[in-house]
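Reading the structure
Chain residues, written in single-letter form:
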Amino acid sequence: MRFLVSVPASTANLGSGFDALGMALGMYDDVEVAGGEGVDGLSITVDGAGSGDVPLDETHLVVRAVRATGYTGGLSLRCRNTIPHARGLGSSAAAIVAGVVAGFTLLGRELDTDALQIAAEFEGHADNAAASLFGGVVVAWSEGERYRAVRMDADARVRPVVLIPSQESSTKTTRGLLPAEVPHADAAHAAGRAALAVHALTSDPTVLLAATEDRLHQNYREPAWPDTVRVINDLRKLGVPACVSGAGPTVIAFGDLPPEVDVHGFDVRRLDVDAAGVRVRPLD
Ligand SMILES: Nc1ncnc2c1ncn2[C@@H]1O[C@H](COP(=O)(O)OP(=O)(O)O)[C@@H](O)[C@H]1O
Ligand SMILES: N[C@@H](CCOP(=O)(O)O)C(=O)O
């Protein structure tokens, strides 16, 4: 069996929606998969992001996710990655989703809620995985040990711009900078702004500036990427909605960037919102 899995990047949190809000972006990792009868052992090639860095054995993140689905047979992966690693664009979740979808496809299983469960268990939060699985705007949550998510279409006027620095910042590291508790006032602020962000992204982008204001995680993480916070603050002072993408250091902004904001050192890319989520296309 041979098929191509294309999985979109994601931007998570979108302000105060920490571990809850996500949105799929038009930047993709492609994994050409061969498996089942006639495929023995494990073969992996990697081009693009992670080439020369990621392991080419059973510890490769895509392979780990395939095995987590219960597929144990021979496997050949040709990975062509465009999602930069450790930048806050959901590269790890995209790899995990690619592996889970590949495993389900090799097993002949329909993509059901177990796919999100398996993917989210790798990271302990479902925002990125849900966005890469379903596309659009997602709200993720957990009920006991079970991860859940709902998907909505982004408003057509939502125009994401990502500002990607060369610096890497691992999600695990910046999650370690977060406090166990926050002031009740900040928690209440987060609840309100996260709820507003859902409305802004799906119905009324004119309130995105208020909706993307964060007091829950961004400033605690600032020591890891001070220039990211400087750019966010400069954009927001000029009325441009901006916040950190995921655990950073990428900035996500919405609309045009004022020329007076210094974005030197950032790779600025205007991206579409990906509406479809992960795709699987059979190959000959
Ligand atoms: N396509 C991939 N193939 C293999 N490993 C990957 C892939 N994408 C991400 N990873 C692993 O995940 C790490 C980045 O994960 P993380 O720190 O969560 O950053 P991100 O914000 O990109 O998700 C990489 O350093 C690499 O170890
Ligand atoms: N909610 C998570 C999101 C991590 O996103 P990533 O793209 O940086 O992996 C967090 O903020 O830790």
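Throughout, a residue's number is its position along its own chain's written sequence, starting from 1. The lettering of chains begins at A and the numbering of ligands begins at 1, in the order of writing. The predicted nature of this model means local features are confined to residues of pLDDT at least 70 and side-chain atom pairs, given and counted, to a pLDDT of 80 or more, with totals for whole chains, interfaces and linings taken over all residues. Processing note: side-chain calculations cover all non-hydrogen atoms of the structure and skip hydrogens and water entirely.

The protein chain has the name Homoserine kinase in an unreviewed UniProt entry, where Lentzea waywayandensis is given as its organism. UniProt positions are given in the numbering used here, feature names are shortened, and annotations may be inferred rather than shown by experiment. Taken directly from UniProt, the Catalytic activity (unreviewed entry) text for the protein chain runs: "L-homoserine + ATP = O-phospho-L-homoserine + ADP + H(+)". The record in UniProt for the protein chain states the following under Subcellular location (unreviewed entry): "Cytoplasm".

Another aspect to go through is the site of ligand 2. When we say a residue is near a molecule or strand, we mean one of its heavy atoms is within 4 Å of it. Taken together, 15 residues lie near ligand 2, and Asn13, Asp19, Asp127, Arg175 and Arg221 sit nearest. Polar contacts, as used here, are pairs of N or O atoms within 3.5 Å; protein pairs need one atom able to donate a hydrogen and one able to accept it. Residues neighboring in sequence count only if both atoms are side-chain atoms. Leu89 has a polar backbone atom sitting 3.4 Å from an oxygen atom of ligand 2. Ala247 places a polar main-chain atom, nitrogen or oxygen, 2.9 Å from an oxygen atom of ligand 2. Every accessible area reported is derived by Shrake-Rupley at a probe size of 1.4 Å, with residue values counting cover from the shown protein chains alone. Bound to the protein, ligand 2 loses 98% of the 350 Å² it would expose on its own. A molecule is said to occupy a pocket when more than half its atoms come within 2 Å of that pocket's grid points, and by this definition ligand 2 occupies the largest pocket. For helices the rule is a DSSP run of H or I covering at least 4 residues; for strands it is a run of E covering at least 2, with both sets numbered from the N terminus onward. Elements with a minimum of two residues in the shell around ligand 2: strand E1 (2-13), strand E2 (17-35), helix H4 (127-134) and helix H5 (171-175). Residue classes in the shell around ligand 2 are distributed as 4 nonpolar, 7 polar and 4 charged. Here a cavity denotes grid points, spaced 1 Å and computed from the protein atoms alone, that fit a 1.4 Å probe unable to get out, and a pocket denotes an open set having protein on both sides within 12 Å along at least 5 of 7 lines; residues with an atom within 4 Å of a point are the lining. Think of it this way: a molecule belongs to a cavity or pocket when more than half its atoms come within 2 Å of the grid points there. Amino acid classes used here: Ala, Val, Leu, Ile, Met, Phe, Trp, Tyr, Cys and Pro are nonpolar; Asp, Glu, Lys and Arg are charged; the rest, including Gly, are polar.

All buried positions along helix H3 (residues 113-123) are accounted for by Ala115, Leu116, Gln117, Ile118, Ala119 and Ala120. By the convention used here, residues are in contact when the closest approach between their heavy atoms is within 4.5 Å. Structurally, H3 contributes buried residues whose contacts are with helix H1 (61-68), helix H2 (91-107), H4 and strand E6 (146-152). With a side-chain oxygen lying 2.8 Å from the backbone nitrogen of Asp114, the N-terminal cap of H3 falls on Asp112. Where H3 terminates, the next one or two residues include Gly124, which has phi positive at roughly 80 degrees. Under the scheme applied here, a residue whose accessible area is under 20% of the maximum for its type counts as buried, over 50% as exposed, and between as partly exposed, the area being computed with a 1.4 Å probe on protein chains only.

So, on to the pairing of E2. Walk down a regular strand and you will see the side chains alternate between the two sheet faces. The buried count for E2 comes to 14 of 19 residues, which makes it a mostly enclosed element. As paired elements, E1 and E2 share 12 bridges and run antiparallel to each other. Paired with Ala9 across the two strands is Leu25, which belongs to E2. Paired strands, as defined in this entry, are two strands with at least two bridges between them according to DSSP. In sequence, E1 turns back onto E2 through a hairpin of 3 residues, with Leu14 there showing a positive phi of about 50 degrees. Where E2 meets strand E5 (residues 137-143), 3 bridges bridge the pair, whose relative direction is antiparallel. If you follow Gly22 over to E5, its bridge partner there is Val138. Across 7 bridges, E2 lies against strand E4 (residues 75-81) in antiparallel orientation. Bridge pairing in E4 links Ala34 to Ser76.

Next up on the list: the domain arrangement of the protein chain. Domain borders in the structure are assigned automatically or taken from a domain database. Domain annotation of the protein chain identifies domain 1 (2-152 + 274-282) and domain 2 (160-270). Here the C-alpha centroids of domain 1 and domain 2 sit 24 Å apart. Buried area: the accessible area, evaluated with a 1.4 Å probe, that two parts lose upon being put together, summed over both parts. In this assembly, domain 1 packs against domain 2 so that about 2100 Å² is buried in total across both faces, 63% of it on carbon and sulfur atoms. The working definition used for a salt bridge is a side-chain nitrogen of Lys or Arg within 4 Å of a carboxyl oxygen of Asp or Glu. Where domain 1 touches domain 2, the interface holds 2 salt bridges.

This part covers the UniProt feature "binding site: ATP" (unreviewed entry) in the protein chain. Following the UniProt record, one finds the feature "binding site: ATP" (unreviewed entry) at Pro84, His85, Ala86, Arg87, Gly88, Leu89, Gly90, Ser91, Ser92, Ala93 and Ala94. As for the lining of the largest pocket, the annotated residues named previously contribute Pro84, His85, Ala86, Arg87, Gly88, Leu89, Gly90, Ser91, Ser92, Ala93 and Ala94. By the element assignment, Pro84 lies in the loop between E4 and H2. Residue classification places Pro84 among the buried positions, given a relative accessible area of 14%. If we skip the residues at most four places from it in the chain, Pro84 touches Met27, Ala49, Leu89, Ser91 and Ile164. Here Gly90 shows up in the loop between E4 and H2.

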